[in-house]
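Structural overview
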Amino acid sequence: MATREITYLEAVREAMSQEMRQNEDVFILGEDIGVYGGAFGVTRGMIEEFGPERVRNTPISEAAIAGAAIGAALTGMRPILELQFSDFITIAMDQMVNQAAKTRYMFGGKGKVPMVLRTPAGSGTGAAAQHSQSLEAWMAHIPGLKVVQPSTAYDVKGLLKAAMDDDNPVIFYEHKLLYKTSAEVPEEPYSIEIGKADIKREGTDVTVVATAIMVHKALEAAAQLEKEGISVEVIDPRTIVPLDKETIIDSVKKTGRLIVVHEAVRRGGIGGEIASMVAESEAFDYLDAPIKRLGGKEVPIPYNPNLEKAAIPQVPDILAAVRETVKYK
Amino acid sequence: MASKLKNAQLDAKKALETVEDQFQMLQILNEQGEVVNEAAMPDLTDEQLQELMSRMVYTRILDQRSISLNRQGRLGFYAPTAGQEASQLASQFALEKEDFILPGYRDVPQIVWHGLPLSQAFLWSRGHFQGGQIPEGVNVAIPQIIIGAQYVQTAGVALGLKKRGAKAVAITYTGDGGTSQGDFYEGINFAGAFKAPAIFIIQNNRFAISTPVAKQSAAKTLAQKAVAAGIPGVQVDGMDPLAVYVATRDARERAINGEGPTLIETMTYRYGPHTMAGDDPTRYRTADLDNEWEKKDPLVRFRKFLENKGIWSEEKENEVIEKAKEDIKEAIKVADAAPKQKVTDLISIMHEDMPFNLKEQYEIYKEKESK
Ligand SMILES: Cc1ncc(C[n+]2csc(CCOP(=O)(O)OP(=O)(O)O)c2C)c(N)n1
Ligand SMILES: [Mg+2]
């Protein structure tokens, strides 16, 4: 497959455009996604190509955006809805949690809801408390929803293709700070299985399971630690529901140490699920050190840039956690 | 009679048209500053008229300075206000100090004129926690960021005022785009059901970021949304300070007399970008439309009106401009002097009493900060 370097943002747009070219039933709806191109520019140029019926610029009504997507999906369309900021999922919550997640089940397995909810999450852009959260653990708690969190341009294109092909509702988190990162990405459409983790770096001393932007911070930490003779394995689950337990368990059996890092508030975050899953598994007997979780502080994301950084794990926090963990022999 | 009514309802389209036709924009001063509706003229003294003009001039300067301070990195989040002075300030002008304001993110001028120190508005813009510490006796909420949330909260503020027998109202603001939220409908309906003393203002500045109002709703006017809630609705020329003032004054009167809430749509325009965070209005607005609206400018028409009355001059206006500039300079100084925020500050403002889980975090940061 021919590849070229494109950004994460371009990869999202390309995945949607390619799908829309070959399937008339796929359409996007969301706020300011028309001539404006969306708050981050993801859909720029798409209304010109696909027209206002397939790139539907909606009223400011998150509940109706999600509900309309469900209705359309139930009757044969394959909607992709964009929430301008993932924080606004609160307003679409009834539709996603009480409706989309349970619709197939309540139709006795006969009604399907093939929809993708795409939305930018995370802090780091100075967007303050109500535009910077990472609420993915909420969605992960709901049976009936799949939850995807890609960290690279390559992954985002393949996972979005898989999400669009999926006949179930998929919550697709894009990280704002990753939009501008780039990678070699195949030109042709391809699919990455939902539920498959990726080992972003192999190592032998400690397993770091990181999500979204934290994958990059973990890789940066791993590169520094290599100089100290510490070999870090970095695993990106890529999808938190379903979670690829096997890859994580195998890694912990090899390294004997586990650190989980995410941007979301540590308490109640997905890190707790991953840590317990490992503690319950056969990898427990291989653990040489207590499991560590790094996550956001128990405060809303501050607007002030320094405090905004302080509110979530940074590379030095990962370095310190690894150094402490490898002390256990 | 009964059968006639039945037939009227058979023609559902006619019923809608009849309702929509009732919503005619109230205007008192036209674009040339001439009184076109003598009967509706409010009974304001010369001093009050001058004061309202001064506030509009002052706020225009505040907008210009805020934009340049933002560009210099000396101010944070800012949503420009130029064009909306009549809509914002003439509605606030009809209030009493005991009334509560629940603003949206563009409505900083109203809360400043209601008593919030400018330095605090600047701190709020910078995301400093002291910006949100509203002084005792200043009845305003911090500007709402989540579209529509202030509308439902206003119903609650108004219910509280009613329960306590206060002769005061709660007023809130959203934009044309905000009327598409469930919270918008729930707020006006809830307040209506309980005849809560509330005033709901929609500043229809024609766009919600890039989305034109025609794509927001099929309704001919946004004021008519009041009908579904069973409350009065008025559309006013939002570039005409006198029309805005009168509509708000009357709504307040009804509210404190126990007649319940009113919905007011002000027809206005924002000259600048949506916010200072990289919006380019040329992507969704034409220069022609900008020009058309600048001709309706609230300052221009009110200035003409006052000049014709012989109660406004260039000299007076310059005084206001100088005063505004000085105040802004001073307020920035005060804001700059606020202590640097620490992680422990943020932890300690989370709860009334710090729970033990936060205390642990607090101690860790206290230790780090003392180094
Ligand atoms: C619930 C919610 N959805 C979306 C947004 C993003 N957003 C911020 S301002 C805005 C447009 C609002 O337009 P309007 O209500 O007309 O007010 P204006 O900015 O024109 O004053 C949008 C969509 C938000 N802040 N909250
Ligand atoms: Mg608007």
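Residues numbered from 1 in each chain as written. Chains lettered and ligands numbered in written order. Predicted model: local features only at pLDDT ≥ 70, side-chain atom pairs only at ≥ 80, totals over all residues.

**With respect to the overall build of chain B**
Each helix and strand in chain B was counted, giving 15 helices and seven strands. C-alpha extents for chain B along the principal axes are approximately 85 × 55 × 45 Å. Classification of the 371 residues of chain B by burial places 45% in the buried group. By sequence separation, contacts in chain B at least 24 residues apart represent 76% of the contacts at least 6 residues apart. (Helix = DSSP H or I, 4+ residues; strand = E, 2+ residues; numbered from the N terminus. Buried ≥ 20, exposed ≤ 12 C-beta atoms within 10 Å, placed from the backbone. Contact = placed C-beta atoms within 7 Å.)

**Considerations on the site of ligand 1**
Neighbouring ligand 1 are 21 residues, the closest being Ile 147, Gly 175, Gly 177, Gly 178 and Ala 208 of chain B. Looking at what sits near ligand 1, you find residues from chains A and B. For the shell around ligand 1, the secondary-structure elements that each account for two or more residues are strand 2 (170–175) and strand 4 (207–208) of chain B. (Near = placed C-beta within 6 Å.)

**A short note on the domain arrangement of chain A**
Residues and elements named next belong to chain A. Considered domain by domain, chain A is made up of domain 1 (3–186) and domain 2 (198–327). Inter-centroid distance (C-alpha atoms) of domain 1 to domain 2 is 26 Å. Each partner contributes to the interface: domain 1 provides 25 residues, whereas domain 2 provides 24 residues. Listing elements by their share of the side of domain 1 that touches domain 2, those giving two or more residues are helix 5 (136–140), strand 6 (146–148), helix 6 (153–165) and strand 7 (170–175). Of the residues that constitute the side of domain 1 that touches domain 2, the class distribution is 12 nonpolar, 10 polar and three charged. (Domains from an automatic or database assignment. Nonpolar A, V, L, I, M, F, W, Y, C, P; charged D, E, K, R; others polar.)

**Brief notes about the packing of helix 6 (residues 118–125) of chain B against helix 13 (residues 314–336) of chain B**
Residue and element names in this part refer to chain B. Between helix 6 and helix 13, whose axes approach to 8 Å, the crossing angle comes to 55 degrees. Judged on the interaxial angle alone, helix 13 and helix 6 are oblique. For helix 6 against helix 13, the interelement crossing comes out right-handed. Here helix 6 contributes Leu 118, Ser 119, Phe 122 and Leu 123 to the contact with helix 13, which in turn contributes Asp 327, Ile 328, Ala 331, Ile 332, Val 334 and Ala 335. Of the residues assigned to the contact of helix 6 with helix 13, the class counts are eight nonpolar, one polar and one charged. (Axes fitted to C-alpha atoms, helices over the stretch in contact; angles between N-to-C directions. Parallel < 35°, antiparallel > 145°, perpendicular 65-115°, else oblique. Left-handed = near helix turned anticlockwise from the far one by under 90°.)

**Looking at the nonpolar core**
Buried together is how nonpolar side chains tend to be arranged in soluble globular proteins. Ranked by internal contacts, the top residues of the largest apolar core, which has 98 residues, are Ala 163, Val 208 and Ala 218 of chain A. The leading source of residues in this core is helix 6 of chain A, at eight residues. No fewer than three residues from each of domain 1 (3–186) and domain 2 (198–327) of chain A sit in this core. Setting aside anything within four residues of it in sequence, one finds Ala 163 of chain A in contact with Val 116, Val 148, Val 170, Phe 172 and Ile 194 of chain A. Counting 80 residues, the second largest nonpolar core, distinct from the first, contains Leu 29, Ala 90, Val 157 and Val 236 of chain B. (Core = buried A, V, L, I, M, F, W, Y, C linked by C-beta atoms within 7 Å.)

**Observations regarding the sheet that holds strand 1 (residues 100–102) of chain B**
Residues and elements named next belong to chain B. The strand order across the open sheet built from five strands is 1-2-3-7-6, with neighbouring strands paired in parallel fashion. At either margin of the open sheet sits one strand with a lone partner, and together these are strand 1 and strand 6 (233–237). Ignoring strand direction, the axes of neighbouring strands in this sheet form an average angle of 20 degrees. Pairing analysis gives five bridges linking strand 6 to strand 7 (residues 262–267), with the strands arranged parallel. (Pairing = 2+ DSSP bridges.)

**Some remarks on the sheet that holds strand 10 (residues 206–210) of chain A**
Residues and elements named next belong to chain A. Within the open sheet, the five strands sit side by side as 9-11-10-13-14. Their pairing is mixed. Here the strands that pair on one side only, and so sit at the sheet edges, are strand 9 (198–201) and strand 14 (292–296). Taken pair by pair, the neighbouring strands of this sheet meet at an average axis angle of 25 degrees, ignoring direction. Bridge count for strand 10 against strand 11 (residues 232–236) is four bridges, and the pairing is parallel. Each bridged residue has a counterpart across the sheet, and for Val 208 the counterpart in strand 11 is Val 234. Here helix 7 (residues 213–227) sits on the sheet and contacts strand 9, strand 10, strand 11 and strand 13 (258–265); the angle it forms with strand 11, its principal contact strand, is near 170 degrees.

**So, the packing of helix 8 (residues 245–255) of chain A against helix 9 (residues 270–280) of chain A**
All names here are of chain A. At a minimum axis separation of 10 Å, helix 8 and helix 9 run at an interaxial angle of 65 degrees. Here helix 8 runs over helix 9; the crossing is right-handed. Of the residues in helix 9, those in contact with Lys 245, Ile 248, Ile 249 and Val 252 of helix 8 are Ile 274, Met 277 and Val 278.

**Looking at the interface of chain B and chain A**
Contacts between chain B and chain A engage 27 residues on the former and 19 residues on the latter. Secondary structure elements with two or more residues in the side of chain B that touches chain A: helix 14 (343–348) and helix 15 (356–370) of chain B. Split into classes, the residues belonging to the side of chain B that touches chain A amount to 11 nonpolar, 14 polar and two charged.

**Section: the confidence of the model for chain B**
Parts of the model with low pLDDT should not have their predicted coordinates read in detail. Taken over all residues, the pLDDT of chain B has a mean of 96, while the share at 70 or more is 98%. The complex model carries a pTM of 0.96, and its ipTM stands at 0.94. (pLDDT = per-residue confidence, 0-100.)

**Some words on helix 8 of chain A**
Residue and element names in this part refer to chain A. Within the span of helix 8, buried status applies to Ile 248, Ile 249, Ser 251, Val 252 and Thr 255. Seen end-on, helix 8 carries its buried residues on one side only, within an arc spanning 160 degrees. Contact partners of the buried residues in helix 8: strand 10, strand 11, strand 13 and helix 9. Gly 256 sits one or two positions beyond helix 8 and adopts a positive phi of about 75 degrees. (Arc of directions from axis to C-beta.)

**Considering the domain arrangement of chain B**
Taken domain by domain, chain B consists of domain 1 (43–338) and domain 2 (340–371). Summarising the inter-unit geometry, the C-alpha centres of domain 1 of chain B and domain 2 of chain B are found 36 Å apart.

**A look at helix 8 (residues 182–193) of chain B**
All names here are of chain B. Over its 12 residues, helix 8 extends 16 Å from the first C-alpha to the last, a length consistent with the 16 Å expected when each residue adds 1.5 Å. Check the buried side of helix 8 and you find it contacts helix 7 (149–163), strand 2, strand 3 (198–204), helix 9 (225–229) and strand 7. Backbone geometry just after helix 8 places Lys 195 at a positive phi near 45 degrees. (Expected span 1.5 Å × (residues − 1).)

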